[in-house]
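The chain contents come next:
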Amino acid sequence: MLEMKSVCETCAKPIAQDSTAFICSYECTFCAPCADKTHRLTCPNCKGELTQRPKREAA
Ligand SMILES: [Zn+2]
Ligand SMILES: [Zn+2]
C-alpha cells in the first residue's frame, strides 16, 4: 500500500489525507502550491514527474 506521507517535503506544511497532494514515483510528497508553482510538476529530488495523489477517505 502506498505510504501516505503527511507533510510537504518542500515547505513542511501538513497535508491532510483528503486534500490534494502531489507525489513522484519514489513517493516524494509535495503540497499542491509547491508541486505546481515551485517545482512545475517535476520532483526536485529525482527529477521525476509529479502527479496528483489519489485521495484517501479518512477511516
Ligand atoms: Zn509545500
Ligand atoms: Zn522524487
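Residues numbered from 1 in each chain as written. Chains lettered and ligands numbered in written order. Predicted model: local features only at pLDDT ≥ 70, side-chain atom pairs only at ≥ 80, totals over all residues.

Asker: Help me out: how do you make sense of the environment of Ala21 in this one?
Answerer: Mapped onto the elements of the fold, Ala21 is located in strand S1 (residues 21-23). Assessed through the 23 C-beta atoms surrounding it within 10 Å, Ala21 is described here as buried. Spatially, the C-alpha atom of Ala21 lies 8.2 Å from that of Ala35, the residues being 14 residues apart in sequence. Once you skip the residues sitting within four places of it in the chain, Ala21 turns out to touch Ile15, Thr29, Phe30, Cys31, Ala32 and Arg53. (Helix = DSSP H or I, 4+ residues; strand = E, 2+ residues; numbered from the N terminus. Buried ≥ 20, exposed ≤ 12 C-beta atoms within 10 Å, placed from the backbone. Contact = placed C-beta atoms within 7 Å.)

Asker: Just to check I follow, could you spell out the sheet that holds strand S2 (residues 29-31) for this structure?
Answerer: For sheets, the rule is that strands pair by backbone hydrogen bonds, running either parallel or antiparallel. With antiparallel pairing, 3 strands are arranged side by side in an open sheet as S2-S1-S3. Bordering the open sheet on either side are S2 and strand S3 (51-52), each of which pairs with just one other strand. (Pairing = 2+ DSSP bridges.)

Asker: Which parts of the structure should I look at to understand the environment of Leu50?
Answerer: Here Leu50 lies in the loop between helix H1 (32-38) and S3. Given 23 C-beta atoms within a 10 Å radius, Leu50 is considered buried. Leu50 sits 21 residues away from Thr29 along the chain, and the two C-alpha atoms are 8.6 Å apart. Residues within four places of Leu50 in sequence aside, it is in contact with Phe22, Ile23, Cys24, Phe30, Ala35, His39, Leu41, Thr42 and Cys43.

Interpretation in functional terms is not warranted from these geometric data alone.
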